[in-house]
Each structure stands twice: as C-alpha cells, then as structure tokens.
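Inside the fold
Each chain, written out:
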Amino acid sequence: MPQTALYQAVRIIPDDFSSSPGPTVEFVRSVHEAYPAMATIGPSDELGDRPLSLLYRRFSRQFDLSEKFFPGDNSRPEVVSYRQRYKASAMNTWRIINLLLRPSAPAGTSPTEFKMVHSAVQVDCPPDLLRYIIETKTAQVLEPEPGTGRLALHCAAAAMPSQDRDGNAVAVPAYLSKFIVDELLYAAPEAASTPDGDGKLPLHLAFDCGKSWIGGGIKSLVDADPGALEKIDLDQYPDIRKAMSFSSQLPSSPSDVSEDEKESIGNGGKKTIKKEAHHDAV
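Rules of the game
- Residues numbered from 1 in each chain as written.
- Predicted model: local features only at pLDDT ≥ 70, side-chain atom pairs only at ≥ 80, totals over all residues.
- Heavy atoms only, no water.
- Phe/Tyr/Trp six-rings, centres within 6.5 Å; stacked < 30°, edge-to-face > 60°.
- Helix = DSSP H or I, 4+ residues; strand = E, 2+ residues; numbered from the N terminus.
- Buried < 20%, exposed > 50% of the residue type's maximum accessible area, 1.4 Å probe, protein only.
- Salt bridge = Lys/Arg side-chain N within 4 Å of Asp/Glu carboxyl O.
- Core = buried A, V, L, I, M, F, W, Y, C linked by side-chain atoms within 4.5 Å.
- Contact = heavy atoms within 4.5 Å.
- Arc of directions from axis to C-beta.
- Lys, Arg positive; Asp, Glu negative; His and termini not counted.
- Polar contact = N/O pair within 3.5 Å; in protein donor to acceptor, adjacent residues only side chain to side chain.
- Axes fitted to C-alpha atoms, helices over the stretch in contact; angles between N-to-C directions.
- Parallel < 35°, antiparallel > 145°, perpendicular 65-115°, else oblique.
- Left-handed = near helix turned anticlockwise from the far one by under 90°.
- Nonpolar A, V, L, I, M, F, W, Y, C, P; charged D, E, K, R; others polar.

Throughout the structure, instances matching the rule amount to nine aromatic pairs. Seen in terms of ring centroids, Phe59 and Tyr132 are 5.6 Å apart; in terms of plane orientation they differ by 65°. Their pairing is edge-to-face. Of this pair, Phe59 sits in helix 3 (residues 51–66) while Tyr132 is found in helix 6 (residues 127–136), placing the two residues 73 residues apart along the sequence. Classification of Tyr132 by relative accessible area gives partly exposed; the value is 25%.

Shown next as structure tokens:
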C-alpha cells in the first residue's frame, strides 16, 4: 500500500543530514501543511512506523551516535566532528517532530501558546515518543492550556481518534488511550482531581467522549480519583457499569486488602499509578 507524501519525505532524510541531499525542514513543513493529518494517519511500514514513529526512531539513533565512544582519544578532531554532526542531525529531526506536533491555527486566528505535551496526547503519538516528551517536559503536565484551562490529562481524556480524508476513524492500538492516561497520571497524579476551565474533571471528559472502561483509561482515572464518580450518572453508561461490575472494587476495610493491593493504594483510598515498563505492547 502506498505511503503518504509526508512519510516518503521523512524516510529519505539522511541520518547525518550531510552525507547526501535530502528534504530540508522547510520542505517537510510545506508537505505537512498541505494535509497535517498525514503525521499520524496512512499505512504503516513493515516495522509499523508512520511519520512520527519513523522520526523518533531516527532521532534516537542519531542521539546515540552523537554520544558514541571510539577506541583511543575521544577528543580527536575527527571524533568531535562526528559527534557534532550527529548531534546537529538529532536536533534537526527534533525540529521536524516539533513541527508535526504543533497544531495549525484556524484561518483568521492567531496561534495559541504551544504546549508539546498537550498536543502529543491528542494525536496518535507513538508510545516511545510520548513517554520521552512527558519525561523531558514534565512541568507542562500541570500547566493549563490557554483558553480552556485544561491540563494535558484533560486533553487526553477528551481526545478522539484521528480521521482520514473520508472521515473514518484511524485504527490505533486498543490500549493506547490507557497508556497515555497512565503516563500522565504517573507524572502528576493530582491532575485527576483538577477541574478545567469549565469545572470538569478528566474523568467527566472521558465519559463524555465515550471512552471505554479499561482501554480508554476510565478505570485508571477512577483509581486515581474515586470521588470523581459521584457526579456521574452511571445509568446513562450501561457498558461502563457492566464493566465495573466485573472489576475489583476498593475494599471496605483495610483487612480486606491483599499485600499486592496495599502497595498500589495511596492516601485517601486512591491507587498509585505504576509506570508501565512494557509499553511497546500497545
């Protein structure tokens, strides 16, 4: 199946940006602006990569090469030049990733303040790249989005699947939403009990968007802030109510808690989110 123009553009960028002619950042920008959804949609290659995952794989490789150690004196000019070349290449690749995640401002409006974490959780961002962004820009996780007052967790809870040109939802891993929610809760569990500009908690937005109990991250949000359920009429969500009936609930007394559960339950009956080590499974 043919790839998108954006995928083809980023695929042929040389690793060191100098060994052979290749698309410039400005060229990639022009391709991206023609149809921004190409960053996350379209057929994946044999490795399952789309443009963003292909770029992050390249960035990781370039960064590793920029810190490569050689036998002998690593202060030699040729070694320093080699490292600098790949460091500059990694920075250029990161500029392209930043570009693809930056939302376009609607016609006639001015672009709002760009928050990379908020943007990444609203698109089909590769798990490895998303985790890197959250770990390197942790402060943004608790920064409200201008205009809406939403934290990144609100944005993730309200995010809907990307659509292709025909308006069809793009297939994503079943547990991607849960992975995103868990990563944000691990970085800032207090975000689950923080209202946005309209007074809504992340859990309420997840219900409004029809997210599923486990794969959609609703269970993770309930574990982080059980009290948020008090304002939700579960009779309106029979599928969630049914799923909850099959899930273990918080015990009524400490004596009912198993040793494993004691490790995961924090203050106030809220469960501590554990970082998912095997996130490639999503």
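Let's pick the thread back up.
Within the structure shown, the criterion is met by ten salt bridges. Taking the shortest distance from any N to any O, the salt bridge between Arg76 and Glu78 comes out at 3.9 Å. Residue classification places Arg76 among the partly exposed positions, given a relative accessible area of 28%. Lys115 is the partner of Glu143 in a salt bridge, and the nearest nitrogen-oxygen pair spans 2.8 Å. Placement of the pair is Glu143 in the loop between helix 6 and helix 7 (152–158) and Lys115 in the loop between helix 4 (77–101) and helix 5 (116–120), with a sequence separation of 28 residues. By relative accessible area, Glu143 is classed as partly exposed at 28%. On the accessibility criterion, Lys115 (8% relative accessible area) is buried.

Right, let's talk about the nonpolar core for a bit. Across soluble globular proteins, you tend to see nonpolar side chains buried next to one another. By size, the foremost hydrophobic cluster in this structure holds 65 residues, and its most contacted members are Ile97, Leu184 and Leu203. A total of seven residues in this core trace back to one element, the largest contributor, which is helix 4. When residues no more than four places from it in sequence are discounted, the contact partners of Leu203 are Ile218, Leu221, Val222, Ala228, Leu229 and Ile232.

Of all the positions in helix 2 (residues 25–34), only Val25, Val28, Val31 and His32 are classed as buried. The arc enclosing the buried residues of helix 2, seen along the axis, measures out at 125°, which places them on a common side. In this structure, helix 2 carries Glu33 and Ala34 as exposed residues pointing more than 90 degrees from its buried face. Buried residues in helix 2 make contact with helix 1 (5–11) and helix 4.

This paragraph deals with the side chain of Arg83. Here Arg83 lies in helix 4. Of the side chains with opposite charge, Asp73 lies nearest to the buried Arg83, which makes no salt bridge, at 8.5 Å.

As a further point, take the side chain of Lys115. Looking at Lys115, its side chain comes within polar contact range of the side chain of Glu143, at 2.8 Å. Setting aside its immediate chain neighbours within four residues, Lys115 contacts Gln140, Glu143, Pro144, Glu145 and Pro146.

Further remarks concern the environment of Leu52. Inspection of the secondary structure assignment puts Leu52 in helix 3. Since its relative accessible area comes to 2%, Leu52 is described here as buried. Counting along the chain gives 74 residues from Leu52 to Pro126, while the straight-line C-alpha distance between them is 6.9 Å. Those residues in contact with Leu52 that sit more than four places away from it in its chain are Ala39, Thr40, Ile97, Leu100, Leu101, Pro126 and Leu129.

The N-to-C vectors of helix 6 and helix 8 (residues 176–187) enclose an angle of 15°; their axes lie 11 Å apart at closest approach. As the angle between them shows, helix 6 and helix 8 are arranged roughly parallel. Relative to helix 8, the crossing made by helix 6 is right-handed. Where helix 6 approaches helix 8, its residues Pro127, Leu130, Arg131 and Ile134 are matched on the opposing element by Leu176, Phe179, Ile180, Glu183, Leu184 and Ala187. For the contact of helix 6 with helix 8, the per-class residue count stands at eight nonpolar, no polar and two charged.

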